[in-house]
Amino acid sequence: MAAVIVLRPSPGNSNVDNPAAAGSTSSTTTTAGPVTDAGTVKAALPTALSSASENCRQSTFTTDGALVISCDIKKSNQLAESFSEYGNRFTASLDLKQAKKTLLGYGEYDYGNYTLVENDSRTAGVNISDGATGQVSGSYVNMETGLTIDVYSMTDSAAVTSFFKKTGLL
């Protein structure tokens, strides 16, 4: 069973007049299992992130079999500002079941040096490392769409939050 998912900015979202910044996107996802098509994963990215991306390629598969794509952020794009000088890459996958398990797990368990920042409805959030291991990173999960996006080599934890707000995902 396929469903079309359209993300719309909430009434309190300051990006309400800018659909690209507000994360409008349409994608087809299935509840039958993880998505294994790179085009479908890329189509699920919000417009601001998709247009800032280049060199997207198949990376690996999740433990549930969802395809993970890896993309670079164009150095000329404002989203690149959130990355340290050594990074500009993110990975993305689509799996509704895994996304729900992951987000609920982030909220329920203490992951030590991580901070969870959620949207108002608590259906999406980003788990942000504090850099204690030498690298600031974040893992965004949306349990309504199944979208998971991981970013690495960020300048600091505020940059992770800023990155996901600029894309309209938070």
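Counting from 1, residues in each chain are numbered in the order their sequence is written. Given that the model is predicted, a residue must reach a pLDDT of at least 70 before its local features are reported, and side-chain atom pairs must reach 80 or more before they are shown or counted; all residues, however, enter totals for whole chains, interfaces and linings. To obtain the side-chain values, all non-hydrogen atoms of the structure were used and water was disregarded.

Asks: In this structure, what is going on with the nonpolar core? I would like to understand it.
Replies: Where a protein is soluble and globular, its nonpolar side chains tend to be buried together. The biggest cluster of nonpolar side chains holds 29 residues, and the ones touching the most others in it are Ile73, Phe90, Ile149, Val151, Phe163 and Phe164. Those elements that place two or more of their residues in this core are α3 (47–52), β4 (67–73), β5 (89–94), β7 (124–129), β8 (136–142), β9 (147–154) and α5 (157–166). Here, residues are in contact when the closest pair of their heavy atoms is within 4.5 Å. Apart from residues no more than four positions distant in its own chain, isoleucine 149 is found in contact with Leu45, Leu49, Phe90, Thr91, Ala92, Gly138, Ser139, Tyr140, Phe164 and Leu169. As used in this record, nonpolar core signifies buried Ala, Val, Leu, Ile, Met, Phe, Trp, Tyr and Cys residues forming a set joined through side-chain atoms within 4.5 Å. Summary of the burial criterion: residues with accessible area below 20% of their type's maximum are buried, those above 50% are exposed, and those between are partly exposed, where the area comes from a 1.4 Å probe applied to protein chains only. Helix and strand assignments follow DSSP, with helices taken as H or I runs no shorter than four residues and strands as E runs no shorter than two, numbered in order from the N terminus.

Asks: I'm lost on the layout of surface pockets in this one. Help?
Replies: One way to see where empty space is left: roll a probe the size of a water molecule over the atoms. Points on a 1 Å grid, built from protein atoms alone, make a cavity when a 1.4 Å probe fits but cannot get out and make a pocket when they are open with protein on both sides within 12 Å along at least 5 of 7 lines; residues with an atom within 4 Å of a point are the lining residues. Grid points are joined across faces, edges and corners, and a volume is the space filled by probe spheres set on the points. Put simply, the second largest pocket is a space of about 250 Å³. For the lining of the second largest pocket, the secondary-structure elements that each account for two or more residues are β5, α4 (96–108), β8 and β9. Per-element accounting of the lining of the second largest pocket gives the leading share, four residues, to α4. Put simply, Ala, Val, Leu, Ile, Met, Phe, Trp, Tyr, Cys and Pro go in the nonpolar bin, Asp, Glu, Lys and Arg in the charged bin, and everything else, Gly too, in the polar bin. Broken down by class, the residue content of the lining of the second largest pocket amounts to six nonpolar, eight polar and two charged.

Asks: Which parts of the structure should I look at to understand α5?
Replies: Side chains of residues three or four places apart in an α-helix project in the same direction, reflecting 3.6 residues per turn. Turning to α5, its buried residues are Ala159, Val160, Thr161, Phe163 and Phe164. Looking at the buried side of α5, the elements it contacts are α3, β4, β6 (114–118), β7, β8 and β9. Where α5 starts, the residue carrying a side-chain oxygen 3.2 Å from the main-chain nitrogen of alanine 158 turns out to be aspartate 156. One or two steps after α5, the chain reaches glycine 168, where phi turns positive at roughly 85°. Side-chain atoms alone can form a polar contact between residues adjacent in sequence; in general such a contact is a pair of N or O atoms within 3.5 Å, and within protein one must be able to donate a hydrogen while the other accepts it.

Asks: I would appreciate a short explanation of the state of the cysteines in the present structure.
Replies: In a disulfide, the sulfur atoms of two cysteines are covalently bonded to one another. Criterion for a disulfide: a pair of cysteine sulfur atoms within 2.5 Å. This model, assessed by the stated rule, comprises one disulfide. Linked covalently through their sulfurs, cysteine 56 and cysteine 71 form a disulfide whose S-S length is 2.0 Å. Where cysteine 56 bonds to cysteine 71 through sulfur, the torsion about that S-S bond is close to 120°, and the disulfide is right-handed. Of this pair, cysteine 56 sits in strand β3 (residues 53–61) while cysteine 71 is found in strand β4, placing the two residues 15 residues apart along the sequence.

Worth remembering: the numbers are spatial, not functional.
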